[in-house]
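# Reading the structure
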Amino acid sequence: MQRTSNRLPWVALVAVLTLGVSACGGDETSPGGGGGGPTGGGGGGDLLSDQFDLSDVEIRIGSKDFTEQLILGQLAKQALEAAGATVELTENLPSPAGARDALLAGEVDAAWEYTGTAYINYLQHDTPIDDPTEQYEAVRDEDLEQNNIFWTEPAPFDDTYGLATRRDFADENGLETLADVASFVEENPDQATLCLDSTFGSRDDGLVRFEDAYGVTWPDDQQTVQEFAIIYQATADGDPCNFGEVFTTDGRIQSLDLALMEDVESAFISYLSAVQINNDFNEANPDVASVLEAISAPIDEALMTALNAQVDVDGEFPEDVAAQYLEDQGFVG
Amino acid sequence: MTAVAVGGLDSRVVGRERSLLRRLRYVGVPAVVAIACAAMYLYVQSQELDNIESRIINARVIRTAAFEQIEIALWATALTLVVAVPLGIALTRPWARRVTPIIIALANIGQGVPAIGLLFFIYIVLIRNGSTAAILGMAIYAVLPVLRGTMVGLQQVDRGVVKAARGMGMSKRSVLFRVEMPLAVPILLTGVRTALVLTVATAVLAAFIGGGTFGELIIGGQAQGRPLAVAVGSLGAATLAILADWIGGIAEDLLRPKGL
């Protein structure tokens, strides 16, 4: 990897090209929505290959073992490749810490992460910060200082905990919000079965937040602690649980037709998503962060949920979904 | 630890030395386990636990986990014995010669399938109850060693002894129960002990499907970067497995027919 000597001419060339293209009248508007066909992109100034030249960059990216991470990992890989970089993507690193361990061990240079996971698991705090932006800033500053890890600007989408139930059960019992769930638990404790994973029950931002905000205690013997991945199916079948812990952007909420209970009291904290980059690598290759920030800027919660659903509902491959997104947004011609 | 290693040696030692070693093992194993647990207890007490740790590592969670794990292991072992011992006897009868390889192959598959995959399969497809699914899964997993133990135990009985018994006018049935089985007991018991240890140790996997056990501490600790919880859960599971082996060893000594 030659990162220094022959770099300047390229930068100059890119600058000239970028100016040239902008002068030709390409505008910056990014088409919204995930499902639409290729819109606009073609002649715009957004093309990654016009804005960046990373042809002297070799980068190793890690992604974790669930749909959203697989899509985000593919997005990063394909975007950086479009900008000319050589990318090695290691997928399916075990949640939650596999990608982080790989990053700290120097086996990968960059990996997507959620601010909540970083703050609680990696930086070992127990009480999270309520405001998503302040939470992000705390993680960014502390991680850089303690672990020499740089955080890119976060994508706009929030991801947070939620409670869901199967649609007909929700209709039968008039359940729309977490407040409804709280009264249901109080009135029908025998039917208030809850599937949750081991983190939700023990984290300060988990079940205890719901209990505090809605003034109810979920009976211990009605809780089944199990692997997160099988909660969705168990909840959809109502067997063994009528309620399940979910992540709000998960495509399976849609694919299994689960009713996500509205968090009217804002009990659960929203977490943002960004890319952690080894700071030595980041300082040597500052454009990598710029590329990743550019491609994640349009992803709001609705779009992320839609992308997840394309994999979980429509059965598409994460790499195809990522490729389609980059094309739709005009990042790749 | 030393006591465990010494325990393995005793078949090679004879006479008084042997019974001395055995007595040492009877006392030594629980002593070592107790010391390890006490050391862990003191260490945990000396640490300042954060909210997450104190929700995972507390007396109530540990007690529940231990009970769940013992319950799963005992039921699984019982189920294994009920299936594998009669099956092992049947398969060593001359009339079963044709089907023996097929059944053994099936038992091999039971143990060859990754335990975690088997558990998820049983949970998702068959039984939506973590403990029951785990009991069934553990039993399938442990059938092979007990089946093997029963068969090898019966097969190693000297054919001459069997012929002599038949020659004395004993029926096939009384040869089985009065000659073959008693002679097969030591190897059979080894199979039982293996099953017990195997099910106690692998029962932690039940935590993935809502069956509780010390696996809950291990998984919860790992998932939240709290290594102390992982250590406590692992020690708990190891303690149960070592004690199961210890009890199995004593049972072997007591149940072994006199004169062998």
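Residues numbered from 1 in each chain as written. Chains lettered and ligands numbered in written order. Predicted model: local features only at pLDDT ≥ 70, side-chain atom pairs only at ≥ 80, totals over all residues. Heavy atoms only, no water.

All names here are of chain A. In terms of domain boundaries, chain A breaks down into domain 1 (10-158 + 271-328) and domain 2 (161-260). Of the roughly 1100 Å² buried between domain 1 and domain 2, counting both surfaces, carbon and sulfur atoms make up 48%. Of all residues in domain 1, Thr-305, Asp-312 and Val-313 give up the largest surface area on contact with domain 2, accounting jointly for 31% of the area buried on that side. Of the charged contacts in the structure, one is a salt bridge between Asp-130 and Arg-209, with a shortest N-O distance of 3.3 Å. At the junction of domain 1 with domain 2, the criterion picks out five residue pairs in polar contact (both at pLDDT 80 or more). (Domains from an automatic or database assignment. Buried area = accessible area lost by both parts, 1.4 Å probe. Salt bridge = Lys/Arg side-chain N within 4 Å of Asp/Glu carboxyl O. Polar contact = N/O pair within 3.5 Å; in protein donor to acceptor, adjacent residues only side chain to side chain.)

Under the counting rule described, the total for this entry stands at 19 salt bridges over all chains. Note that A:Asp204 and B:Arg55 form a salt bridge whose closest N and O atoms lie 2.8 Å from each other. On the criterion of chain membership, the pair formed by A:Asp204 in the loop between helix 9 (198-202) and helix 10 (207-214) and B:Arg55 in helix 3 (residues 51-56) is interchain, its members lying in two chains. B:Arg25 is paired through a salt bridge with B:Asp253; the nearest N and O atoms lie 3.1 Å apart. With B:Arg25 in helix 2 (residues 15-46) and B:Asp253 in helix 11 (residues 227-255), the pair connects residues that are 228 residues apart, well separated along the chain. One salt-bridge network, in which partners are shared between bridges, spans B:Arg93, B:Arg159 and B:Glu180. (Helix = DSSP H or I, 4+ residues; strand = E, 2+ residues; numbered from the N terminus.)

Residue and element names in this part refer to chain A. Among the five residues in strand 3 (residues 110-114), five count as buried, and that is most of the element. Residues Ala-110, Trp-112 and Tyr-114 line one face of strand 3 and the alternating positions Ala-111 and Glu-113 line the opposite face, and both faces are buried. Looking at chain direction, strand 1 (residues 58-64) and strand 3 are connected through two bridges and run parallel. Bridging from a neighbouring strand, Gly-62 pairs with Ala-111 of strand 3. The pairing of strand 3 with strand 11 (residues 271-278) spans five bridges and is classified as antiparallel. Bridging across to strand 11, Tyr-114 finds its partner in Ser-273. (Buried < 20%, exposed > 50% of the residue type's maximum accessible area, 1.4 Å probe, protein only. Pairing = 2+ DSSP bridges.)

A cluster of like negative charges, contributed by A:Glu91, A:Asp314, A:Glu316, A:Glu319 and A:Asp320, occupies part of the molecular surface. When you line up the elements, A:Asp320 lands in helix 16 (residues 318-328). (Patch = residues over 30% accessible without salt bridge, like charges linked within 9 Å, V, L, I, M, F, W, Y side chains within 5 Å. Areas by Shrake-Rupley, 256 points an atom, 1.4 Å probe, with all protein chains shown as cover. Lys, Arg positive; Asp, Glu negative; His and termini not counted. Charge placed at Lys NZ, Arg CZ, Asp CG, Glu CD.)

Let us look at helix 6 (residues 132-147) of chain A. All names here are of chain A. Along its 16 residues, helix 6 runs 21 Å from first to last C-alpha, staying within 8% of the 22 Å computed at 1.5 Å per residue. Among the residues making up helix 6, those that are buried are Gln-135, Tyr-136, Ala-138, Val-139, Glu-142 and Asp-143. The buried side chains of helix 6 occupy one side of the element, clustering within an arc of 160 degrees when seen end-on. Against the buried residues of helix 6 lie helix 4 (98-104), helix 5 (115-122), strand 4 (149-151) and strand 11. Following helix 6 by one or two positions, Asn-148 adopts a phi angle in the positive range, close to 55 degrees. (Expected span 1.5 Å × (residues − 1). Arc of directions from axis to C-beta. Contact = heavy atoms within 4.5 Å.)

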